[in-house]
Each structure stands twice: as structure tokens, then as C-alpha cells.
Amino acid sequence: MLTEWSDTITLTVSSKPKAELRADRTAVPVGGSVTLTCSVCPSSSSSPSSSSGWKYYWYRDGKSSEPARNEQISVSEGGLYSCRGGRGEPVYYTEDSETVWIDTTVSIRPVVTLHPNSSEIYRGETITVRCEIHGGDTEWDYEWETNSIRKPPNQNEYRIRSASSLISGNYRCKGRMKSSQHETTEWSDSVTLTVSDTKPKAELRADRTAVPVGGSVTLTCSVSPSSSSPSSSSPSSSSGWKYYWYRDGKSYQPARNEQISVSEGGLYWCRGGRGEPVYYTEDSESVWIDTTVSIRPVVTLYPNWSEIYRGETITVRCEIHGGDTEWDYEWETNSIRKPPNQNEYRIRSASLLISGNYRCKGRMKSSQHETKEWSDSVTLTVSDNEPRPVLTVSPSWLSPGASVTLNCEVEHPSAGWSFYWYKAVPDLKTFNYKSYSYELLPDGNRTAQDSYIIHGQTHTAGYVCRAGRGDPEYRTDHSQPKFVWSADVHSAASLTVSPDRVQHFTSDSVSLTCEGNFTEWRVRKFSDGRLSDCRRMTGSTCNIYTSKSHTGVYWCESGSGEFSSAVNITVQNDGNGPILVNPVHPVTEGASVSLSCSLRTQKILSNVFFYHNDKLIQNDPRGELKISAVSKSDEGFYKCQYSGRESAQSWMSVKVTVSGADSSSSPVWLMVGLVCGVSLIIILLLLLYHCRQSKYSCFTRSIQSEGHSPGSSTNHGVNQNETHEYNSLQHGTNNLSEYVMHVEDNRNGSDQHQDVTYSLIDLKNLQKNRKHHEPEQSAVYSEVKTGAAGQ
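The rules behind these values
Residues numbered from 1 in each chain as written. Predicted model: local features only at pLDDT ≥ 70, side-chain atom pairs only at ≥ 80, totals over all residues. Heavy atoms only, no water. Disulfide = S-S within 2.5 Å. Helix = DSSP H or I, 4+ residues; strand = E, 2+ residues; numbered from the N terminus. Buried < 20%, exposed > 50% of the residue type's maximum accessible area, 1.4 Å probe, protein only. Pairing = 2+ DSSP bridges. Axes fitted to C-alpha atoms, helices over the stretch in contact; angles between N-to-C directions. 1 Å grid on protein atoms, 1.4 Å probe; cavity = no way out; pocket = protein on both sides within 12 Å on 5 of 7 lines; lining within 4 Å. Points joined across faces, edges and corners; volume = space filled by probe spheres on them. Nonpolar A, V, L, I, M, F, W, Y, C, P; charged D, E, K, R; others polar. Salt bridge = Lys/Arg side-chain N within 4 Å of Asp/Glu carboxyl O. Contact = heavy atoms within 4.5 Å. Phe/Tyr/Trp six-rings, centres within 6.5 Å; stacked < 30°, edge-to-face > 60°. Polar contact = N/O pair within 3.5 Å; in protein donor to acceptor, adjacent residues only side chain to side chain.

A. Layout of the state of the cysteines. On inspection of all chains with the given rule, the structure shows eight disulfides. The disulfide bridge from Cys38 ends at Cys83, spanning 1.9 Å between sulfur atoms. Taking the sign of the torsion about the S-S bond as the criterion, the disulfide between Cys38 and Cys83, at about 85°, is right-handed. Remark: Cys83 occurs in strand S7 (residues 79-87) and Cys38 occurs in strand S3 (residues 34-41); sequence separation between them is 45 residues. On the accessibility criterion, Cys83 (0% relative accessible area) is buried.

See the structure below:
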């Protein structure tokens with residue numbers, strides 16, 4: 001009887017398996033252990049077998065260390081470990097695993113050092129990387145670990161004779177006991193070695209550039225990677241540098257610290273060096289150190305003005321007093337333009353570019369290291385504002401016999417100015433305030449005084465001034481013209497106003513007409529410090545419709561350069577107020593004048609009060625103020641009052657006629673007097689001749705004249721008589737008849753005196769003695785007094 005067939009089992013025979021050994025670390029740490037794991041794989045390329053029944057056999061340094069046991073063990077000793085698997089009976093063994101070296105770490109940590117000990121090494125330097133193990137008497141083999149391209153040998157010292165970037169990296173090391181190859185130190189900490197491809201350059205700094213008198217200068221040398229390196233701005237902090245100092249091309253001191261003090265002038269530089277053989281940096285830039293002598297220069301300005309104007313010529317000078325040596329000069333300034341290294345800096349046309357502080361020092365030509373101290377700074381300020389002279393004229397209105405004083409002042413006044421004085425001649429070809437040509441006044445060229453006096457000015461005139469200074473001379477622009485006005489009408493040019501009054505209402509039509517033998521005219525106005533022209537000229541007439549802005553002084557100027565008399569025009573701004581009606585031009589002394597008050601709506605008013613220089617003339621109101629014979633005392637400001645409202649004030653000028661007291665200064669009356677005197681002398685000579693012929697002696701014993709001159713220029717309407725009496729005196733029995741002359745002159749309805757000039761004439765008898773007559777002397781005395789007759 002047969003059973004059923006069993007299920008089929010497949011038997012696969014494989015190649016001999018090989019054990020695989022793994023360690024969780026390669027060294028037993030101090031006080032710790034390493035875990036080893038052994039597994040069986042059919043081959044090195046297959047995955048670990050999951051078959052059961054394997055036992056593992058462990059070996060250390062070629063000897064069995066453990067009986068068969070599990071696949072994982074922990075070890076605390078170093079050595080060369082391997083394993084294999086086995087199973088079945090008899091035991092079938094796998095191939096041995098690869099060996100694994102397990103070290104035992106001793107509690108010693110090496111230290112990696114760099115020589116020189118610098119965080120940065122420079123290309124070409126010699127550098128030593130050293131593994132130092134401290135503690136224990138054993139000998140060590142050394143092992144290095146680095147990420148640099150070049151690997152160090154297994155020695156305690158790695159000497160690099162010419163560093164390059166190939167050795168840059170992190171370095172660490174450990175030691176292995178020669179007596180027990182299983183025992184090693186811990187790994188050292190890593191040290192970073194950086195090699196720079198740029199050669200370092202020394203940097204030299206001085207706390208000052210000149211050795212002060214009795215003092216010293218401190219020089220400091222430091223090492224930077226390179227002047228072109230990004231990190232060159234900060235000196236390297238690397239240690240190990242020694243510094244080599246040089247003065248004037250020679251070694252100054254042996255290698256020493258980075259800082260020295262020097263008391264001698266010269267050209268200094270330094271360099272650093274370190275290592276063996278010495279690696280040198282590039283030389284520093286040189287620093288010039290001067291030796292200061294105890295002489296301080298002085299900076300002076302010529303001319304020494306507090307403010308210089310653009311375009312002026314100025315000289316800045318460095319003056320050194322004391323010593324017989326010759327000097328080179330050095331300047332220091334914060335101006336944009338630098339002066340040359342000479343003792344004198346001449347600026348022919350000043351500008352803002354030269355403004356600044358200037359100081360200088362000298363350097364001995366015989367010893368370039370010896371210099372003077374710096375001078376004190378001098379500030380030079382150049383103003384971009386051109387100076388403008390301002391002319392003032394006093395008085396503004398001419399009065400008889402008064403002189404005119406011109407004063408010229410320069411804006412932002414400073415010293416050194418001379419002045420030029422000009423008469424302004426109208427030029428009608430242009431139409432602005434500069435429409436004048438300028439004629440130099442007599443002795444008006446470059447006066448030292450800022451004032452100029454004009455005598456004998458009788459007509460309206462304009463003046464300008466300018467100033468100059470320096471050599472070559474810098475001249476300002478001309479001042480704006482200023483005027484002195486005369487209200488006196490003269491024949492060459494005159495201005496008439498219609499209606500003929502000073503004051504006008506707003507919106508009045510006023511005509512100002514220029515008269516004279518000229519074809520071209522313009523009417524000018526001065527008001528509120530401004531000069532302007534009439535905008536509506538018709539021929540020689542200016543037509544205006546008055547407003548408040550028309551108040552001012554008006555005059556005419558001709559195309560031939562003549563000025564007319566000037567008039568004041570006042571525009572009443574109060575539409576309901578009165579105006580004073582008074583003549584525009586001066587009133588001649590002795591003439592009559594009427595002043596009245598007028599409203600816009602009513603020309604003739606009664607019950608008006610009149611004021612002269614703010615004083616009520618009479619208490620009783622009247623319609624008009626009449627002065628039958630005007631005198632100088634009537635000159636002044638007048639105004640009227642009506643119904644509680646006052647007009648503006650107006651000046652009434654009185655033109656004084658030439659009086660007897662002043663006639664001697666008048667050329668016309670002087671000529672009249674001379675003609676009268678000569679005529680009288682001729683008459684007396686004829687009378688003498690007649691007397692001689694009649695054999696009479698004629699003597700005029702005395703001449704008396706009595707006259708009544710006006711008590712003051714304010715007397716009006718007074719009849720004045722002059723009586724001239726000629727009395728003869730007896731001489732022997734001869735008498736001359738007595739002459740009495742009464743002279744009376746009545747002019748313009750008022751009595752005026754007439755002066756006659758008398759002269760004392762002494763005639764000597766030049767006849768020889770006659771035979772039949774005794775010698776006799778005859779004298780005629782006559783007093784001739786010249787005066788302004790008929791005034």
C-alpha cells in the first residue's frame with residue numbers, strides 16, 4: 001500500500017557565503033565602547049541572508065575573542081576585528097569578513113598651531129603647521145585631516161616654504177601611540193589657514209607733519225593686505241611683524257616696534273617683516289617730516305581792505321622776518337584756487353573762487369627739512385556784489401549865493417577809495433535813468449575827499465559820481481544821477497505849467513511846456529526817490545491827467561543838454577478838500593501876488609484862513625491873500641483853510657533883486673559904476689583946466705552924501721529919497737557955488753533909492769613955477785560911489 005506524494009521542496013545550492021562586519025565608529029571613545037555587527041550574505045553582492053541558524057564567531061588581532069554568539073557585540077578595546085558565521089553539524093563556516101580597525105582613544109587632545117600665528121598668510125610666505133600633543137612620555141605617529149588640495153605628510157610638522165592658495169583650508173590632527181597602535185588621541189580642533197594672493201603693504205602714519213620747536217613727531221607703521229585690496233582700509237591685526245624704518249633712503253633704526261618718535265626732519269617710510277627667512281611687505285608711502293624753526297611768518301593783504309570786490313586786483317604776501325637764509329614758500333588755503341609756492345600771490349581779477357583762509361610757511365633752501373611755523377590764517381573775502389556809489393546833493397533847491405555840496409558814499413564802505421565827480425548832460429537818444437553823458441567837473445578827478453563843493457550854481461543841474469581804488473585802479477559804476485533844482489526861470493530853457501499853480505485836483509488836465517530854442521525836449525519827474533519821463537509828450541508839451549502819483553518835481557531837458565527851471569506839482573488826494581492857488585515860479589521881490597483857495601466844485605471861496613509857515617496871517621477870514629510888494633520875508637510855506645479843511649502846503653519862493661549892498665559883486669553894476677566914475681573924472685579934469693585958464697584955484701573941500709538905505713529886506717512900499725550935496729569951501733577969497741542935487745526914483749509903484757558912487761581924486765599941479773606968479777597947488781577932491789541905479 002503506497003502513500004501520496006509529498007509536496008516538492010526545491011533545494012538550491014549557492015556559492016559559499018561571506019560574513020560582513022560593520023562598526024558604528026572606528027575608535028572607542030574615552031570610557032565608551034564600539035558596537036560591531038556581523039551578518040551573512042550569500043555573496044558580497046547579495047543582500048544579507050535572512051536564513052536562521054547562523055552563529056557568529058568573533059576574532060581580534062587574529063585570535064578568537066568570543067565563543068559563538070549573537071550577531072552583535074560591544075567592544076571597549078582597540079584592535080583588528082573580524083567575524084564569520086557557522087551552522088549545522090558538522091559546522092559549516094562562511095568566509096571571514098573584512099577586518100575593521102578599532103582604535104582606543106586616550107584622553108589627550110592635540111593642538112594645531114601655525115607659525116607665524118596669523119589669521120592670514122600671504123603668498124610666498126614660509127608657514128609651518130604643527131600638531132602638538134602635550135602629556136605622556138610616549139612617542140606618537142601623527143595623522144592629519146584637511147580639506148585643502150595639498151595633503152600634509154603624517155608628521156607632527158608641515159613646513160610650507162612658499163605659501164599659495166593651494167594650501168588654504170581647515171587642518172586637524174591626532175596622534176597614534178607607537179607602542180600600541182590601537183591607542184590614539186582625540187582629533188584636535190580645526191585650524192583655518194587662509195593664504196592671500198595679494199602682497200601686504202605697510203602703512204605709515206604721522207601725528208603731525210613737522211617737528212615742533214623742542215618737540216617730536218610720532219610715526220606709526222602697520223600692515224595692511226594691499227592698497228588695492230578690499231580690506232586695505234583696516235590694518236592687519238596679525239602678530240609676528242617686526243618693523244623696519246628708513247629715513248632719506250637709509251636704514252634709520254633696526255627692526256623694532258610699530259611706533260617710533262623722531263625729532264629730525266626727513267623723508268620717512270617703513271616696511272614690515274616676519275618669519276624665517278624674513279618675509280617683507282611692500283614699502284609704505286613716504287612721509288615728509290619737517291623740522292620747525294622758531295620763526296612765524298605773517299600773511300598780509302595788499303591793499304589791506306576788509307572786503308574785496310569781484311574784479312579787483314589783490315596781492316596775498318607771505319612775509320618772513322629774521323634770518324639771512326633764502327626760503328621756498330608753501331601755502332595752505334581752503335579756497336578753490338591754490339596759490340603758487342611763491343612769497344607773493346597776485347590776483348589780477350578777484351572772484352569768489354579765491355575766497356578763503358590763507359596761511360603760509362617757509363622752507364629753507366639750504367636745508368629742505370627745516371621749515372618755519374605756519375603763519376596765522378588771514379581771511380580773504382571776495383564780494384560778488386559790485387560796490388555802488390550813492391550820491392547825495394545838498395541843498396536840493398538852489399538859493400541865491402549858496403554853494404552846492406556833493407557827497408559820494410560807497411555801499412559797504414571800506415578804505416582806499418578816491419572819487420570822481422561829473423556833471424550829467426542830458427542825452428535824449430536813450431530813455432532811462434542812464435540817459436546822460438558825463439562831463440568831469442573841474443578838479444573832480446580822483447579826489448581823496450568824498451565831498452565836492454560847487455560855487456556859483458544858478459540853474460538846475462544833475463550830477464553823478466564814481467569811486468576807484470587800487471593799482472591798477474578798480475572803478476565802480478557811476479552813481480545814479482542826483483539833481484539840484486532851481487525855480488528861477490532863465491532864457492535858455494524854461495518850463496511853464498498850465499494852469500499856473502502848484503496844487504491840482506486829481507483828474508485835472510495839466511500841461512507842462514518846455515520853451516527855448518531847441519527842437520528836442522523831454523519832461524522828467526522826480527518823486528519818491530525815482531526818476532521817470534513824461535509818457536505823453538506832444539512836441540515840447542507834456543500832458544498829464546493828474547493822480548496822486550503825479551506829485552513831484554518836474555523839469556525840462558533839451559536835446560542840446562540844457563536843463564530848465566524846476567517846478568513842484570502837488571496833487572490833492574482828498575476829493576473834498578481845498579487846494580491853494582499860488583504861482584509855480586518864484587515871485588520877484590517888489591511885485592504883487594495873490595493867493596487864493598479853491599474847491600473842485602467852487603473856484604472862488606470866501607471866509608478862507610491863510611497860514612504862512614503854519615502861523616495864521618490874520619484872524620479875519622477873507623477871499624484871497626494879496627501881497628502888494630513881495631519881500632524876502634514873505635517866502636515860505638503857505639496853506640489855506642476852508643470849512644475846517646486844510647489844503648496841502650506849498651512853497652512860495654521870492655526872487656531877490658540886486659540891492660545896493662550887493663551891487664559891488666555884480667559885474668554889470670560894476671561896469672556901470674566904472675563908466676560913471678570915468679565920466680566924472682573927465683568932467684572934473686575939464687573943470688580944472690578951465691579954472692587954470694581963469695587963474696583961479698578950485699578946491700572941493702568936502703563932499704557929503706546922505707542916503708536912506710532900506711532897513712531890511714522886509715520893508716515894503718516905502719518912498720526913499722537920496723540927497724547928494726556938494727559944498728565948496730572958501731580958499732582965500734575964491735568961492736565955488738554950492739551944488740545940491742536931489743535924486744528921486746519911483747519904480748513899479750514903489751519908491752526905490754538910487755545909489756551914486758563917489759571917488760576921491762587927488763590932482764597934483766605939475767606946472768612949473770611961473771615968473772610973475774607965486775607957486776600954487778591946486779587939488780580937486782571928488783568922491784564917486786557906484787550903485788545900482790534904477791532898481
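B. Spatial organisation of the sheet that holds strand S41 (residues 451-454). Spatial ordering of the open sheet is given by S37-S38-S41, a layout of three strands whose pairing is antiparallel. Unpaired on one side and paired on the other, strand S37 (389-394) and S41 mark the two borders of the sheet. Mean inter-strand twist for the sheet, computed between neighbouring axes without regard to direction, equals 20°.

C. How the structure looks around empty space enclosed by the protein. Within this structure, the stated rule accounts for one cavity of 30 Å³ or more. Its boundaries defined by the atoms lining it, the largest cavity holds a volume of some 40 Å³. Residue composition of the lining of the largest cavity, grouped by class: five nonpolar, one polar and two charged.

D. Examining the pattern of salt bridges more closely. Scanning all chains against the criterion turns up 35 salt bridges. A salt bridge links Arg310 to Glu386; the nearest nitrogen and oxygen atoms lie 3.5 Å apart. A residue pair is termed long-range when its members are at least 10 positions apart, and Arg310 in the loop between strand S29 (308-309) and strand S30 (314-319) and Glu386 in the loop between strand S36 (382-383) and S37 qualify at 76 residues.

E. Seen up close, the environment of Asn343. The residue Asn343 is located in the loop between strand S31 (327-333) and strand S32 (344-347) in this model. Among the residues examined, Asn343 registers a relative accessible area of 33% and is labelled partly exposed. C-alpha separation for the pair Asn343 and Trp327, spaced 16 residues apart in sequence, amounts to 8.7 Å. If we skip the residues at most four places from it in the chain, Asn343 touches Val316, Arg317, Cys318, Tyr329 and Trp331.

F. Inspection of the sheet that holds strand S6 (residues 72-75) at higher detail. The strand order across the open sheet formed by three strands is S1-S3-S6, and the pairing between neighbours is antiparallel. The sheet is open, and its two borders are formed by strand S1 (18-23) and S6, each paired with just one other strand. Shown here is a sheet whose adjacent strand axes are inclined to one another by a mean of 25°, direction ignored. For S3 and S6, the ladder comprises four bridges, and the chain directions are antiparallel. If you follow Leu36 over to S6, its bridge partner there is Ile73.

G. Representation of unusual backbone geometry. The step from Glu276 to Pro277 runs through a cis peptide bond, and the omega angle for that step is 5°. Structurally, the position occupied by Pro277 is in the loop between strand S25 (266-274) and strand S26 (279-280). With an omega of -5°, the peptide bond between Ser394 and Pro395 qualifies as cis. Residue Asp528 is not a glycine yet carries a positive backbone phi of 55°. Of note, Asp528 is situated in the loop between strand S48 (521-527) and strand S49 (530-533). With a relative accessible area of 75%, Asp528 lands in the exposed category.

H. Just the packing of aromatic side chains, in detail. Applying the stated rule across the entire model yields 18 aromatic pairs. With a centroid separation of 5.3 Å and 65° between ring planes, the pair formed by Tyr244 and Tyr280 is classed as edge-to-face. A residue pair is termed long-range when its members are at least 10 positions apart, and Tyr244 in strand S22 (residues 242-247) and Tyr280 in strand S26 qualify at 36 residues. Residue classification places Tyr244 among the buried residues on the basis of a relative accessible area of 17%.

I. Up close: the environment of Trp331. Its location among the elements puts Trp331 in strand S31. Residue class for Trp331 comes out buried when judged on its relative accessible area of 9%. When the C-alpha atoms of Trp331 and Tyr358 are compared, they prove to be 7.1 Å apart, with 27 residues separating the residues in sequence. At 3.4 Å, the side chain of Trp331 and the backbone oxygen of Pro340 are in polar contact. Within the structure, Trp331 has its side chain in polar contact with the backbone oxygen of Gln342 (distance 2.7 Å).

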